[in-house]
Amino acid sequence: MTQSDVRAPAPHPSGELQAILLVGGQGTRLRPLTINTPKPLLPTAGVPFLAHQLARARSYGVTRVVFATSYRAAMFEEVFSDGSAFGLTLVYVTEDSPLGTGGAIRNAAAGLTCGPDDPVLVLNGDVLSGHDLADQVRLHVERRAAVTLHLTEVDDPTAFGCVPTDDAGRVTAFLEKTPDPVTNRINAGCYVFTRSVIDTIPAGEVVSVERQTFPGLIDAGALVLGYADHSYWLDVGTPAAFVQGSRDLVLGRLASPALPGPPGDHLALPGSDVSPQAKVEGGTVVGARAAVAAGAHVSGSVLGDDSSVAAGAVVADSVVGTGARIAEGAIVRGAVIGDHAVVGPRNELAPGTRLWPGITLPDCAIRTSSEL
């Protein structure tokens, strides 16, 4: 996707578009990857995850982004600085204690400079989406909505907020993680608020937009709209989804202006060393200064900077952390290998395995088959 592919947002009073980016979570489902690094900063298709969101937001006309930070807050500014590399102005607002989604939005609004009638994008820092942000904003402005929610359809809506709408697109209820969903259309985590509506959220209090703000607006008769589409969408909160998101970006299934190279079968970052006799495929990322030896097979995986995969090893659908080593003949499938961990020769790690940072597995310590 290039900037020329994107339609400009509908005109609105201040003529600019500002956004709040929710990045305060601890990412517990992705441990051990998030022990030292916030989830939105994990390397994804060659760059920090948020780089894809920031570049995409800029391509849709966003000029200012306020980060709503909490966990390891200082790291975000260390990585993205003032945002000039993206053509953005970045502002960082930190919660002293967790305030929930609504409280975080209200707290971060202190960094906005737009007027009360302007639309404000609210993005979640763990979602990849290919939907048309400009069209969502346009719908919001044209219908003069209080909030417009991006909605998508999933096979199993029980783990998400279920959002039924009427024929005009008006949201009729907001059913957060109900066991008996009335629709498979769910809250996709991208909102457009009218700025003045954010100011109605109580300041300094723990507030959930899903359980309090949205239902309260609906009950009060405010216009809450659903913007539904069928474009690419992925919550990258689990290791399997995180690997899938990186893989899809490398393969070009979701376009990103931040991808540091053309889409293809794999992405090798500067300083990496992939043997011509190695097989690296399926949207794999080979991190900076990482090495893949002859006879190794790596598929659909994320290899961190300075990591290594030795001769005869197999790595599939896995994350190998910074400086981690996969020794000769080891097999790693669907696993997460923490930073600087070592998987010794002839180990077999089954899907779901998580090896904590710095741990060394000796030769043949874990097997899923009896044959050596």
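Participant: For the overall build of the chain, give the residues involved together with the corresponding values.
Facilitator: Helix and strand counts for the chain come out as seven helices and 30 strands. For the chain, the C-alpha radius of gyration of 22 Å lies close to 21 Å, the compact-globule estimate for 372 residues. Its C-alpha atoms give the chain principal-axis dimensions of roughly 65 × 45 × 40 Å. Relative to its 372 residues, the chain shows a buried fraction of 53%. Nonlocal contacts in the chain, meaning residues at least 24 apart in sequence, comprise 53% of its contacts between residues at least 6 apart. When the accessible surface of the chain is split by element, carbon and sulfur atoms take 50% of a total near 15,100 Å². Distance between charge centroids for the chain: 1 Å, based on 26 positive and 38 negative side chains.

Participant: Give a detailed account of the side chain of threonine 213, specifying residues and quantitative values.
Facilitator: Position of threonine 213 among the secondary structure elements: in helix H6 (residues 209-219). Those residues in contact with threonine 213 that sit more than four places away from it in its chain are Ile201, Val207 and Ser208.

Participant: Describe the environment of proline 164, and please don't skip the residues or the numbers.
Facilitator: Within the fold, proline 164 resides in the loop between strand S9 (161-162) and strand S10 (175-176). Along the sequence, proline 164 and isoleucine 186 sit 22 residues apart, while their C-alpha atoms lie 8.2 Å from each other. Setting aside residues up to four positions removed in sequence, proline 164 forms contacts with Arg170, Val171, Thr172, Ala173, Val182 and Thr183.

Participant: Tell me about the pairing of strand S6 (residues 119-124), residues and numbers included.
Facilitator: Burial analysis of S6 places six of its six residues in the buried class, the great majority of the element. Burial along S6 is two-sided: the face carrying Pro119, Leu121 and Leu123 and the face carrying Val120, Val122 and Asn124 are both buried. In the sheet, strand S1 (residues 17-22) pairs with S6 via five bridges, with the strands oriented parallel. By the bridge assignment, leucine 21 is partnered in S6 with leucine 123.

Participant: So, the sheet that holds strand S17 (residues 284-286): which residues are in play, and what are the values?
Facilitator: With parallel pairing, the six strands of this open sheet are ordered in space as S14-S17-S20-S23-S26-S29. Pairing within the sheet leaves two strands with one partner each, and these edge strands are strand S14 (266-268) and strand S29 (354-355). Packed on one face of the sheet, helix H7 (residues 239-251) meets S14, S17, strand S20 (302-303), strand S23 (319-320), strand S26 (336-337) and S29 and runs near 85° to S17.

Participant: Provide a residue-level description of the sheet that holds strand S28 (residues 348-349), including the pertinent values.
Facilitator: Note: strands within a sheet are paired through backbone hydrogen bonds, in either parallel or antiparallel orientation. Taken in spatial order, the five strands of this open sheet run S16-S19-S22-S25-S28, and their pairing is parallel. Of all the strands in the sheet, just strand S16 (279-281) and S28 have a single pairing partner and so form its edges. Both strand S19 (residues 297-299) and strand S22 (residues 314-316) contribute to a ladder of three bridges, which runs parallel. Bridging across to S22, serine 299 finds its partner in alanine 316.

Participant: Could you give an account of the pattern of salt bridges, with specific residues and numbers?
Facilitator: Taken as a whole, this structure holds 10 salt bridges when the rule is applied. In this structure, aspartate 199 and arginine 195 form a salt bridge, with 2.5 Å as the shortest nitrogen-oxygen distance. Accessibility expressed as a relative area gives 38% for aspartate 199, which makes it partly exposed. With a closest N to O distance of 3.2 Å, arginine 247 and aspartate 317 form a salt bridge.

Participant: Give me unusual backbone geometry: which residues, what numbers.
Facilitator: For the peptide bond that leads from arginine 31 to proline 32, omega is 10°, which places it in the cis range. Residues other than glycine seldom take positive phi values, yet alanine 45 does so here, at roughly 55°. If you trace the backbone, alanine 45 turns up in the loop between strand S2 (43-44) and strand S3 (47-48). Under the relative-accessibility criterion, alanine 45 is labelled buried at 1%. Even without glycine at this site, arginine 289 takes up a positive phi of about 65°. Within the fold, arginine 289 resides in the loop between S17 and strand S18 (291-292). Judged by its relative accessible area of 47%, arginine 289 falls in the partly exposed class.

Participant: Residue-level account of the confidence of the model for the chain, with values.
Facilitator: Per-residue confidence for the chain gives a mean pLDDT of 89, with 94% of residues at or over 70. Per-residue pLDDT stays below 50 along residues 1-14; that stretch engages in 31 contacts with residues further than four places along the chain or on separate chains.

Participant: Go over the nonpolar core with me, naming the residues and quoting the values.
Facilitator: If you look at the biggest cluster of nonpolar residues, it comprises 42 residues, and the most contacted ones within it are Val65, Phe67 and Leu121. Every element with two or more residues in this core is listed here: S1, helix H1 (49-59), strand S4 (62-69), helix H2 (74-80), S6, helix H4 (133-143), strand S11 (185-194) and H7. In this view, phenylalanine 67 contacts Leu21, Val23, Leu50, Leu54, Phe76, Phe80, Leu90, Val91, Tyr92 and Val93; residues no more than four positions away in its chain are not counted. Ranked by size, the runner-up nonpolar core spans 30 residues in total, among them Ile20, Val163, Leu217 and Val224.

Participant: Give me the pairing of strand S5 (residues 89-94): which residues, what numbers.
Facilitator: Summarising the sheet, S4 and S5 pair through six bridges and their orientation is parallel. Looking across to S5, one finds that alanine 68 is bridged to valine 93. For the segment spanning S4, H2 and S5, crossover handedness is right-handed.

Participant: Got a sec to walk through the environment of glycine 83? Specific residues and values, please.
Facilitator: With respect to the helices and strands, the residue glycine 83 is situated in the loop between H2 and S5. The buried category is assigned to glycine 83, whose relative accessible area is 0%. What glycine 83 contacts, discounting residues up to four positions off in sequence, is Leu88 and Leu90.

Calculation rules
In this numbering scheme, every chain counts its residues from 1 along its sequence in written order. The model is predicted, so local features are restricted to residues of pLDDT at least 70 and side-chain atom pairs to those at 80 or more, both for listing and for counting; the totals for chains, interfaces and linings are taken over all residues. Only hydrogens and water are set aside; all other atoms, that is, all heavy atoms of the structure, feed into the side-chain values. What counts as a helix is a DSSP run of H or I of at least four residues, what counts as a strand is a run of E of at least two, and both are numbered from the N terminus. We take the radius of gyration over the C-alpha atoms and set the globule estimate at 2.2 Å times the residue count to the 0.38 power. Each residue is placed in one exposure class: buried if its accessible area under a 1.4 Å probe, protein chains only, is under 20% of its type's maximum, exposed if it is over 50%, and partly exposed if it falls in between. Whether two residues are in contact is decided by their heavy atoms, any of which lying within 4.5 Å being enough. We get accessible surface area from the Shrake-Rupley algorithm with a probe of 1.4 Å; when it comes to residues, only the shown protein chains can shield them. In summary, the charge assignment counts Lys and Arg as positive and Asp and Glu as negative, without counting His or the chain termini. By convention, charge coordinates are those of NZ in Lys, CZ in Arg, CG in Asp, or CD in Glu. When DSSP finds two or more bridges between a pair of strands, those strands are recorded as paired. Orientation is described by axes fitted as lines to C-alpha atoms, over the contacting stretch for helices, and by angles from 0 to 180 degrees between their N-to-C directions. By salt bridge we mean one thing: a side-chain nitrogen of Lys or Arg within 4 Å of a carboxyl oxygen of Asp or Glu. Per-residue confidence from the predictor is reported as pLDDT, which spans 0 to 100. To define a nonpolar core, start from buried Ala, Val, Leu, Ile, Met, Phe, Trp, Tyr and Cys residues and group those joined through side-chain atoms within 4.5 Å. Orient the strands so they point away from the viewer; a crossover is then right-handed if the path from the first strand over the helix to the second runs clockwise.

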